[in-house]
Amino acid sequence: MSIGLRCRHDRSVRELAAGMFGEGRGYKSVARSLGIPAEAVRKWQQTYRATGRDGLLKMGEKHSRYDFETKVAAARAVVDDGMAKPEAMERFGIASATPLKQWCRLYREGGAEALRPKPRGRPRGSGAKAAPMTREQELEREVRRLEAQVAYLKKSIALKAELRSRTGRRP
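None of the values given here were measured: they were computed from a predicted structure.

A word on the packing of helix 1 (residues 11-22) against helix 2 (residues 27-34). For the pair helix 1 and helix 2, the least separation of the axes is 10 Å and the interaxial angle reads 140°. Classified by the angle between their axes, helix 1 and helix 2 sit oblique to one another. Between helix 1 and helix 2 lies a crossing whose hand is right-handed. On helix 2, the residues that touch Val13, Leu16, Ala17, Met20 and Phe21 of helix 1 are Tyr27, Val30, Ser33 and Leu34.

Within the element layout of this structure, Gly22 appears in helix 1. We classify Gly22 as exposed; its relative accessible area is 54%. Separated by 54 residues in the primary sequence, Gly22 and Arg76 have C-alpha atoms spaced 30 Å apart.

Looking now at the environment of Lys85. As for its placement among the helices and strands, Lys85 is situated in helix 5 (residues 85-92). Looking at Lys85, the relative accessible area reads 30%, which means it is partly exposed. For the pair Lys85 and Gln46, spaced 39 residues apart in sequence, the C-alpha to C-alpha distance is 9.6 Å. If sequence neighbours within four positions are ignored, Lys85 has contacts with Val78, Leu100, Lys101 and Cys104.

Membership of the largest hydrophobic core comes to 18 residues, with the highest contact counts inside it found for Met89, Ile94, Leu100, Trp103 and Leu115. Among the elements of the structure, helix 4 (68-79), helix 5 and helix 6 (97-110) are those that each provide at least two residues to this core. In terms of residue count, the dominant contributor to this core is helix 4 (six residues). Leave out the neighbours within four places in its chain, and Trp103 touches Tyr66, Lys71, Ala74, Ala75, Ile94 and Leu115. Grouped together as the second largest cluster of nonpolar side chains are eleven residues, Ala17, Met20, Phe21 and Leu56 included.

Once that is clear, we can look at the packing of aromatic side chains. Counted under the stated rule, the structure contains two aromatic pairs. A ring pair is formed by Phe21 and Tyr48, whose centres lie 5.5 Å apart and whose planes are at 45°; its orientation type is tilted. You can see Phe21 sitting in helix 1 and its partner Tyr48 sitting in helix 3 (residues 38-57), a full 27 residues away along the chain. Relative accessible area serves as the criterion here: at 22%, Tyr48 is assigned to the partly exposed category. In this arrangement the basic side chain of Arg116 is found over the ring face of Phe68, its NZ or CZ atom lying 4.2 Å from the centre.

Bringing helix 1 into the picture now. With twelve residues, helix 1 should cover 16 Å at 1.5 Å per step; its first-to-last C-alpha distance of 16 Å lies within 8% of that length. Among all positions in helix 1, only Val13, Arg14, Ala17, Ala18, Met20 and Phe21 are buried. Seen end-on, helix 1 carries its buried residues on one side only, within an arc spanning 165°. Backbone geometry just downstream of helix 1 places Gly24 in the positive-phi region, at approximately 100°.

Looking now at the side chain of Gln46. Mapping Gln46 onto the fold places it in helix 3. Residues in contact with Gln46, not counting those within four places in the same chain, are Pro86, Met89 and Ala97.

What counts and how
Residues numbered from 1 in each chain as written. Predicted model: local features only at pLDDT ≥ 70, side-chain atom pairs only at ≥ 80, totals over all residues. Heavy atoms only, no water. Axes fitted to C-alpha atoms, helices over the stretch in contact; angles between N-to-C directions. Helix = DSSP H or I, 4+ residues; strand = E, 2+ residues; numbered from the N terminus. Parallel < 35°, antiparallel > 145°, perpendicular 65-115°, else oblique. Left-handed = near helix turned anticlockwise from the far one by under 90°. Contact = heavy atoms within 4.5 Å. Buried < 20%, exposed > 50% of the residue type's maximum accessible area, 1.4 Å probe, protein only. Core = buried A, V, L, I, M, F, W, Y, C linked by side-chain atoms within 4.5 Å. Phe/Tyr/Trp six-rings, centres within 6.5 Å; stacked < 30°, edge-to-face > 60°. Lys NZ or Arg CZ within 6 Å of the ring centre and 35° of its normal. Expected span 1.5 Å × (residues − 1). Arc of directions from axis to C-beta.

Okay, here's the thing in structure tokens:
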């Protein structure tokens, strides 16, 4: 049986943690009570502060999507204004630190335009066919194909002859 390196906790454990956070307990106290690593509970607490009880309980179900303005505002607040990431998560309602870290990196490298959504899939017109060939171009193409075929056959004949001369018999 294989054991996952990443420890996942179900909704019931997160509900208990949310109740304890609501009582005002810190992440270390909650981690000791539940027997869960403190680092995981600290991330839960950040999510709880940023999105509330519902956000903590929905963890792992679906990735949130954020609009361009939210991304830019959060990245600008952290990078330019020096706001702490947990504070920015709370202020802008970002459920996880991972996308915020990525936005900050992109913002540092390319400014606000780097956070603009990119089009997905293959660009339109990328499979467009070239203009039809003239009769002369078709003939040149056919000549090149036939020349390649002849060169291939000559090489095959030469290799067979070389093999025959080494072994002294037909392949």
